[in-house]
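Working through the structure, step by step
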Amino acid sequence: MRRTIILTGTLLLGAGLALAQTPQEQVEKTQLAMKSNLTSAIALSDMARDKKPYDQATVDKALAELDDVAKRFPSLFPESIKGLKPAKGDFYTSDKVWTQRADFEAHSASFVKAVGQAKAKIKDVNSLKAEFSELNKQCSGCHEKFRVKG
């Protein structure tokens, strides 16, 4: 019995340590989420600007990925990564994410709402063209305030 308890405790401790992330690992995780958003936005933009043919499956996939990241946005920017920069990339997070947290979370909520509305409305190329400008506006508005070119 005692061995079982010790073994279980050791396994749980090891699993906890394996799951723990360093702040720099969190920065990289956040970068991956932002790159996912970029890939999704490019897919939508290319169709909205007639660079690629409209494809509902691609639209649905891009909006689902945007929705996933949008809903996790505040958790992607914990206090522990404040001031850290990604190993690669041209941009990093502004300290305003933490010093103006309420505004950042309001931007995040607006993005979640815009993605939700887009998911409900985009059914063809014309509705994509109508909705994409709002999605792009939401992305740009947050980037202008909370992202720094490095």
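Calculation notes
- Residues numbered from 1 in each chain as written.
- Predicted model: local features only at pLDDT ≥ 70, side-chain atom pairs only at ≥ 80, totals over all residues.
- Heavy atoms only, no water.
- 1 Å grid on protein atoms, 1.4 Å probe; cavity = no way out; pocket = protein on both sides within 12 Å on 5 of 7 lines; lining within 4 Å.
- Points joined across faces, edges and corners; volume = space filled by probe spheres on them.
- Helix = DSSP H or I, 4+ residues; strand = E, 2+ residues; numbered from the N terminus.
- Nonpolar A, V, L, I, M, F, W, Y, C, P; charged D, E, K, R; others polar.
- Phe/Tyr/Trp six-rings, centres within 6.5 Å; stacked < 30°, edge-to-face > 60°.
- Buried < 20%, exposed > 50% of the residue type's maximum accessible area, 1.4 Å probe, protein only.
- Lys NZ or Arg CZ within 6 Å of the ring centre and 35° of its normal.
- Axes fitted to C-alpha atoms, helices over the stretch in contact; angles between N-to-C directions.
- Parallel < 35°, antiparallel > 145°, perpendicular 65-115°, else oblique.
- Left-handed = near helix turned anticlockwise from the far one by under 90°.
- Contact = heavy atoms within 4.5 Å.

A separate point is empty space enclosed by the protein. The tally for this structure, following the rule as stated, stands at 2 cavities of 30 Å³ or more. Counted as a void, the largest cavity has a volume near 50 Å³. Going through the elements one at a time, α2 (23–48) and β1 (91–93) are the ones with two or more residues in the lining of the largest cavity. The residue inventory of the lining of the largest cavity, partitioned by class, reads 6 nonpolar, 3 polar and 1 charged. Considering only enclosed or pocket space, the second largest cavity measures out at about 30 Å³ in volume. Around the second largest cavity, the lining residues are Ala41, Leu66, Phe132, Leu135, Asn136 and Cys139. By residue number, the principal contributor to the lining of the second largest cavity is helix α6 (residues 125–146), which donates 4 residues. Across the lining of the second largest cavity, the residue classes break down as 5 nonpolar, 1 polar and no charged.

For the structure on display, the rule yields 5 aromatic pairs. When the ring of Phe73 is compared with that of Phe104, the centres are 6.2 Å apart and the planes differ by 15°; the resulting orientation is stacked. Here the residue Phe73 occupies a position in helix α3 (residues 56–76), and Phe104 occupies one in helix α5 (residues 101–121), the gap between them amounting to 31 residues. Seen from their ring centres, Phe73 and Phe111 are 6.2 Å apart, and the 45° between their planes marks the pair as tilted. Taken together, the residues Phe73 in helix α3 and Phe111 in helix α5 connect sequence positions 38 residues apart. On the basis of relative accessible area, Phe73 is assigned to the buried category, the value being 7%. A network of ring pairs unites the aromatic residues Phe73, Phe77, Phe104, Phe111 and Phe146 as a single cluster. For the cation-ring pair, Lys85 lies above Tyr92, with the distance from its terminal atom to the ring centre recorded as 4.4 Å.

Let us now look at unusual backbone geometry. Despite not being glycine, Asp50 shows a phi value in the positive range, around 60°. Looking at the element boundaries, Asp50 is found in the loop between α2 and α3. On the accessibility criterion, Asp50 (53% relative accessible area) is exposed.

At a minimum axis distance of 10 Å, the contact between α5 and α6 shows a crossing angle of 165°. The angle between α5 and α6 places the two elements in the roughly antiparallel class. By crossing handedness, the relation of α5 to α6 is classed as left-handed. On α6, the residues that touch Asp103, Phe104, His107, Ser110, Phe111, Ala114, Val115, Gln117, Ala118 and Lys121 of α5 are Ser127, Glu131, Glu134, Leu135, Gln138, Cys139, Gly141, Cys142, Lys145 and Phe146. Among the residues making up the contact of α5 with α6, the classes are represented as 9 nonpolar, 6 polar and 5 charged.

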